[in-house]
Amino acid sequence: MERSAARFSFKEALAQLPRGSPLGTERLAAHGITAQRASALVRSGWLQRLGRGAYQLPGDTLNRDATLAYLAQQVPGLHVAAKTALAWRGVRHNLAYRETVVLWGDQPARLPNWLDPIVSVRYRVAHIFDADMPEGLGLAPLAGGHQELPVSSPERALLELLSETGSFESLEEVRQLVESTRNLRLPLLDQLLSHLSRIKVARLAALLSSDLQLPWAELAQQHSRRLGGGRRWVAVGRTGERLDLPANP
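First things first, this report covers the structure right here in the doc. (Residues numbered from 1 in each chain as written. Predicted model: local features only at pLDDT ≥ 70, side-chain atom pairs only at ≥ 80, totals over all residues. Heavy atoms only, no water.)

### Things to note about the side chain of aspartate 65
Point 1. As for its position among the elements, aspartate 65 is in helix α4 (residues 64-74).
Point 2. On the accessibility criterion, aspartate 65 (16% relative accessible area) is buried.
Point 3. For aspartate 65, the contacting residues outside a window of four places in its chain are Trp88, His146 and Leu149. (Helix = DSSP H or I, 4+ residues; strand = E, 2+ residues; numbered from the N terminus. Buried < 20%, exposed > 50% of the residue type's maximum accessible area, 1.4 Å probe, protein only. Contact = heavy atoms within 4.5 Å.)

### A short note on the pattern of salt bridges
Opposite charge on two side chains makes pairing possible when the charged atoms of those side chains draw close.
Point 1. Scanning the model with the defined rule gives 11 salt bridges in all.
Point 2. Across the pair glutamate 164 and arginine 124 runs a salt bridge, and its minimum N-O distance is 3.3 Å. Residue glutamate 164 is found in the loop between α6 (154-163) and α7 (171-178), and its partner arginine 124 is found in strand β6 (residues 120-125); the two are separated by 40 residues along the sequence.
Point 3. Taking relative accessible area as the criterion, glutamate 164 reaches 0% and is therefore assigned buried.
Point 4. Its relative accessible area of 16% is what places arginine 124 among the buried residues.
Point 5. One salt bridge in this structure joins glutamate 155 and arginine 185, with 3.0 Å as the shortest N-O distance. With a gap of 30 residues between them, glutamate 155 in helix α6 and arginine 185 in the loop between α7 and α8 (186-194) connect regions that are remote in the sequence.
Point 6. Classification of glutamate 155 by relative accessible area gives buried; the value is 2%.
Point 7. Relative accessible area serves as the criterion here: at 47%, arginine 185 is assigned to the partly exposed category. (Salt bridge = Lys/Arg side-chain N within 4 Å of Asp/Glu carboxyl O.)

As structure tokens, this is what we get:
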């Protein structure tokens, strides 16, 4: 009787559990399924173990965005960032055969191996804003997208992309993407720039926006002067590309 009741209880939970999403121990616990019971359900074939603390329903196909939303609940500050966020919000240059989703977060994290067949990702910890910036500024789910998956706004994604110039993205590719950012929300961009702490990002924003005659060029130059002093900023990135950024473009 007890075993039959347990099965019936899980069948009730089964009707409520989301399809296409990894199931963590917290979500299972919310449906009355303890870690011990989850292990028993794996042995009996009612659940499939993905990795430590992660499960899926047998025969279920995991959805990319639902899977990334699951990771966002596990890793502090994880969000879709930089070039990927721009592309998802309509600013793109070249289309990759298989997109590598750029993720940023607040802390180092080892993403699970079971993620690989679902989506290719590159995870980075990069703190380009000061500690006083309001949490979640410039982050929001996509309209019509998964509501638990934070994606950088075009304004924040732009600054994240500039941070990756010379390290993960070429200056030419970045320039072509920046050229498409003519309709940024200036109040939000100003707020983000006021919390920016990386001189490289400020200089690139000022240089490219000035060269391309973008509507937010003066705003970028103001913040570049605030951060930059009077010296040139010169560095060679991981790609071997030399960045030589003047103080006052």
